[in-house]
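Residue-level listing of the chains:
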Amino acid sequence: MLAALEEAYLSGKIERCCLQVTVSPGYLQRVKAIATGVCKQIPLGASVVADVGEVGALLEAGLDRVGLSLDAVNEEIYQRVKGGDLSAAMSVLEEAAHRYPGRIVTHLVAGLGESEEEMARMMARLQNWGVTIALFAFTPIPGTTMAGEPPPPVDSYRRIQTAQYFIVRGLASVEDFAFSRQGRIVSYGLPDYELRQILSDGKAFETSGCPGCNRPYYNEPPSGPLYNYPRSLTHDEAQRALDAALSGPL
Ligand code: SF4
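Attention in this report is confined to the structure presented alongside it. This one's a predicted model, so the numbers in the text were calculated from it and none came from an experiment.

### Description of the site of the ligand
Here is step 1: Within the structure, the ligand sits among R16, C18, Q20, V105, H107, A134, G209, C210, C213 and R215.
Here is step 2: Of all the cavities here, the one that holds the ligand is the second largest pocket.
Here is step 3: Sorting the residues of the shell around the ligand by element identifies strand 1 (17-20) and strand 4 (104-110) as the ones contributing at least two each.
Here is step 4: Among the residues making up the shell around the ligand, the classes are represented as five nonpolar, three polar and two charged.

Right, dumping it as structure tokens:
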């Protein structure tokens, strides 16, 4: 299995590999064993639940990056969806990002009931800490407790992707954004022609996260709508995504 991974990497079929693990007895040991056994050239990540010491041990074992997923961006939703304490999770994330610059990533899930403002402000905070942000759209999965909940509206997701793109690239600051009373983004603090120019290549709507991670169809069916494009957008796709992002009172 590890040999097949190495062959896929060396032949250019994959750019990185990521372990999506669930918490069970000894799971960090198993991640470490894979990190030790896999070809060191392959950028290998893992999304885990760990304290700062364990993060260090995983990086030491050979992981390129460690994912500490927040998923939810406010206390109430975090408690409801993950059953824990967001502030505590953020403390671990901040400390890990401080100790291991450029090697910590987190996942944020849009559509759990947060506002666009909460999402944008959280992204700005994480960016300040140097945490890589991977954005996901909530996806209802049959058989799970949230199977009946809807995914986020596409236009809202496009605004959040736009906010992330601007924040991460330093093109605009969240302090320059304006929000409605309901927390919807109504301005990025840039003139319309500039927004269109920056967004016209569609890059803002591609999958975000670790370099080379495109996780195709991870949070949507192949029939679409594609929340995260795992590839470059066509001209028409970029235009539609841009129109959705800029729809409404911007
Ligand atoms: S962004 Fe991709 S590679 Fe990075 S931790 Fe998340 S799923 Fe893994």
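### Observations concerning helix 7 (residues 154-169)
Here is step 1: Helix length check: helix 7 (16 residues) gives 22 Å between terminal C-alpha atoms against 22 Å at 1.5 Å per residue, within 8%.
Here is step 2: Buried residues dominate helix 7, accounting for 12 of its 16 residues.
Here is step 3: Within helix 7, burial applies to S156, Y157, R158, R159, I160, Q161, T162, A163, Q164, Y165, F166 and I167.
Here is step 4: Looking at the buried positions of helix 7, the neighbouring elements they touch are strand 4, helix 6 (116-129), strand 5 (132-137), strand 7 (185-187), helix 8 (192-199) and helix 9 (235-245).

### Things to note about the side chain of H107
Here is step 1: Secondary-structure assignment places H107 in strand 4.
Here is step 2: Within the structure, the side chain of H107 is placed 3.2 Å from the side chain of S69, a separation counted as a polar contact.
Here is step 3: The residues contacting H107, other than those within four sequence positions of it, are Q20, S47, L68, S69, L70, D71, A134 and F136.

### Observations regarding the pattern of salt bridges
Here is step 1: What the rule picks out here adds up to 13 salt bridges.
Here is step 2: Among the ionic pairs, R80 bridges to E76, the shortest N-O distance being 3.2 Å. Pair noted here: R80 and E76 are both in helix 4 (residues 75-82), with a separation of four residues, about one helical turn.
Here is step 3: The salt bridge partner of R231 is E237, with a shortest N-O separation of 2.9 Å.
Here is step 4: Residues joined by salt bridges that share partners form a network here, namely R16, D64 and R65.

What counts, and at which threshold
- Residues numbered from 1 in each chain as written.
- Predicted model: local features only at pLDDT ≥ 70, side-chain atom pairs only at ≥ 80, totals over all residues.
- Heavy atoms only, no water.
- Near = heavy atom within 4 Å.
- 1 Å grid on protein atoms, 1.4 Å probe; cavity = no way out; pocket = protein on both sides within 12 Å on 5 of 7 lines; lining within 4 Å.
- Sits in = over half its atoms within 2 Å of the grid points.
- Helix = DSSP H or I, 4+ residues; strand = E, 2+ residues; numbered from the N terminus.
- Nonpolar A, V, L, I, M, F, W, Y, C, P; charged D, E, K, R; others polar.
- Expected span 1.5 Å × (residues − 1).
- Buried < 20%, exposed > 50% of the residue type's maximum accessible area, 1.4 Å probe, protein only.
- Contact = heavy atoms within 4.5 Å.
- Polar contact = N/O pair within 3.5 Å; in protein donor to acceptor, adjacent residues only side chain to side chain.
- Salt bridge = Lys/Arg side-chain N within 4 Å of Asp/Glu carboxyl O.

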